[in-house]
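Coordinate inspection notes
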Amino acid sequence: MARTILLLFLPLFLFFVLPTSFAAPVITYNVLNYGAKSVPSFDSTQAFMAAWTHACGSTNPATIYIPPGRFLLRNVIFRGPCKNNAIVLHMDGTLVAPFDYKVIGNAEQWILFEDVNGVSIYGGVLDGQGTNLWACKRDGRSCPTGAKSLGFRGSENILISGLTSLNSQMFHIVFDGCNTVKVKGVRVSAPGNSPNTDGIHVGKSSGVSIFDSKIGTGDDCISIGPGTTNLWIENVACGPGHGISIGSLGWELQEAGVQNVTVKTVTFTGTQNGLRIKSWARPSSGFAKSILFQHAVMTNVDNPIVIDQNYCPDHKNCPNKASGVKISGVTYQDIHGTSATEVAVKFDCSSTTPCTGIKLEDIKLSYRSKAAKASLP
Ligand SMILES: *[C@@H]1O[C@H](CO)[C@@H](O)[C@H](O)[C@H]1NC(C)=O
């Protein structure tokens, strides 16, 4: 009899308890309590995984705390979905990839978050230790592709604030299939001759914004892949690097387009390109439309404004067809500074699907103190 009463009252009890649990304090999971050690050869991967498992399984908001120190991590996937949608990684320390690039070089990602909702990363440093892998690639030896340092896949409501990413083996920060992402005050740093070390790559994602960041690297500072919509980039300094690039697009025959991209108040210093749209020269359903490039300052940039629909960086096995990627509605507004080459504006559009609605307003680019030239279609 007593048992029956208890069961009857249980739902009522839950009803009254649940609302108060929303006000419950954030639970902090310190990685040291899960066995992480700031010791050069100590592998803290399992400890970080254990802290994640607890934070992700918590029904209360959770903070994973990474104290000052250098923590060695192998490739790791932090998987959702989680039981709460407010997980903070509070990083006062540095995460270090294995010195031997072969350990993670064939894993696509070093640190990957997958299917998570409501993850924020504050502070911290990622050290990808890419130097030896780049040397291998530059020597033309047979090397692994390299791991991208930090990735989010199939995730939403992501915030990255005040993070530093150094010397990634490959791309530094990647968003693939994500919704509603804010990146703020991030610094990316790798040498100008490090291969494929894109700063931030956005693909198949919507509602990503990138603010107040400084990116110096050996490839694109920001690259924007197929299927990206509603992207906002503001107050970003790029250099060294290959600029801010939409593309490369049009590798696939069936490909999602890029739409509604705003890039404003950006600087390029000594970069190979400034504002670039690039596509391979082959048939494709891809497109780029409703793009605004506004308030950019170029300092000694090789190609400040460029649309290249015959993109083929190594000039090897180039498709040599006409690009099917339709580029339309692109506005360049208030772009000024210096070009390192005579032709500062170059539009090499597709012969079969020509660019339309390209607007240039208030463009002032000089080459050796004279007005630079434009090469139009
Ligand atoms: C374009 O994207 C921005 C965010 O970058 C968004 O605020 C705006 O509503 C989008 N515009 C359209 C027409 O979807």
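The numbers attached to residues start from 1 for each chain and follow its sequence in the written order. Restriction of local features to residues with pLDDT of at least 70 applies here, the model being predicted, together with a cutoff of 80 or more for giving and counting side-chain atom pairs; totals for whole chains, interfaces and linings are based on all residues. Side-chain measures were taken over the full set of non-hydrogen atoms in the model, leaving aside hydrogen atoms and water.

1. What about the state of the cysteines?
Any cysteine sulfur atom paired with another within 2.5 Å is treated as part of a disulfide. According to the stated counting rule, one finds five disulfides in the structure shown. Disulfide pairing places cysteine 221 opposite cysteine 238 at an S-S distance of 2.1 Å. Between cysteine 221 and cysteine 238, the S-S torsion sits near 80°, and that sign places the bridge as right-handed. In this pair, cysteine 221 is assigned in the loop between strand 15 (206-216) and strand 16 (222-224) and cysteine 238 in strand 17 (residues 229-238), connecting sequence segments 17 residues apart. An identical accessibility class is assigned to cysteine 221 and cysteine 238; each is buried. In this text, helices come from DSSP runs of H or I with a minimum length of four residues, and strands from runs of E with a minimum of two, each type numbered from the N-terminal end. For each residue, the accessible area found with a 1.4 Å probe, counting protein chains only, is set against the maximum for its type, and the residue is called buried under 20%, exposed over 50%, and partly exposed in between.

2. Considerations on the sheet that holds strand 27 (residues 373-375)
Any two strands with at least two DSSP-identified bridges between them are counted as paired. Spatial strand order, 4-6-8-11-14-16-18-20-22-24-27: eleven strands in an open sheet with parallel pairing. The open sheet terminates on both sides in strands that have one partner only, identified here as strand 4 (76-79) and strand 27. Averaged over all pairs of adjacent strands, the angle between strand axes in this sheet comes to 15°, irrespective of strand direction. Pairing of strand 8 (residues 148-153) with strand 11 (residues 173-176) involves four bridges; the strand directions are parallel. From the neighbouring strand, phenylalanine 152 faces strand 11, where its bridge partner is phenylalanine 175. In this analysis an axis means a line fitted to C-alpha atoms, helices contributing only their contacting stretch, and an angle means the value between N-to-C directions, from 0 to 180 degrees.

3. Focus on the site of the ligand
We call a residue near a given molecule or strand whenever any one of its heavy atoms falls within 4 Å of it. All residues adjacent to the ligand are Asn230, Leu231, Trp232 and Asn260. With respect to the ligand, the side chain of asparagine 260 contributes an N or O atom lying 2.3 Å from an oxygen atom. Considering the ligand on its own, with 360 Å² of exposed area, one finds that the protein chains cover 38% of that surface. Broken down by element, the residue count for the shell around the ligand peaks at three residues, all from strand 17. Counted by class, the shell around the ligand contains two nonpolar, two polar and no charged residues. Throughout this description, a polar contact denotes any pair of N or O atoms lying within 3.5 Å of each other; where both atoms belong to protein, one of them has to be capable of donating a hydrogen while the other can accept it, and for residues adjacent in sequence the pair is counted only when both atoms sit in side chains. Only the protein chains shown count as cover for residues, with accessible areas throughout obtained via the Shrake-Rupley method and a probe of 1.4 Å. Just so you know the grouping, Ala, Val, Leu, Ile, Met, Phe, Trp, Tyr, Cys and Pro go in nonpolar, Asp, Glu, Lys and Arg go in charged, and all remaining residues, Gly too, go in polar.

4. Considerations on the nonpolar core
Here, nonpolar core refers to any group of buried Ala, Val, Leu, Ile, Met, Phe, Trp, Tyr and Cys residues whose side-chain atoms link them within 4.5 Å. Phe113, Phe152 and Phe175 are the most contacted members of the largest nonpolar core, which totals 83 residues. Start and end points for every domain follow an automatic or database-based domain assignment. Counting the residues that make up this core, at least three belong to each of domain 1 (24-209) and domain 2 (220-377). Residue contacts are defined here by distance: any two heavy atoms, one from each residue, within 4.5 Å place the two residues in contact. Contact partners of phenylalanine 152, with chain neighbours within four places excluded, come to Leu112, Phe113, Val116, Val119, Ile121, Ile158, Ile160, Val174, Phe175, Asp176 and Cys178.

5. A few points about the confidence of the model for the protein chain
Looking at the protein chain, pLDDT values average 94 and 93% of them are 70 or higher. Confidence of the predictor at the level of single residues is given by pLDDT, which spans 0 to 100. Considering only residues more than four positions removed or in separate chains, one finds that residues 1-19, a stretch of pLDDT under 50, has zero contacts.

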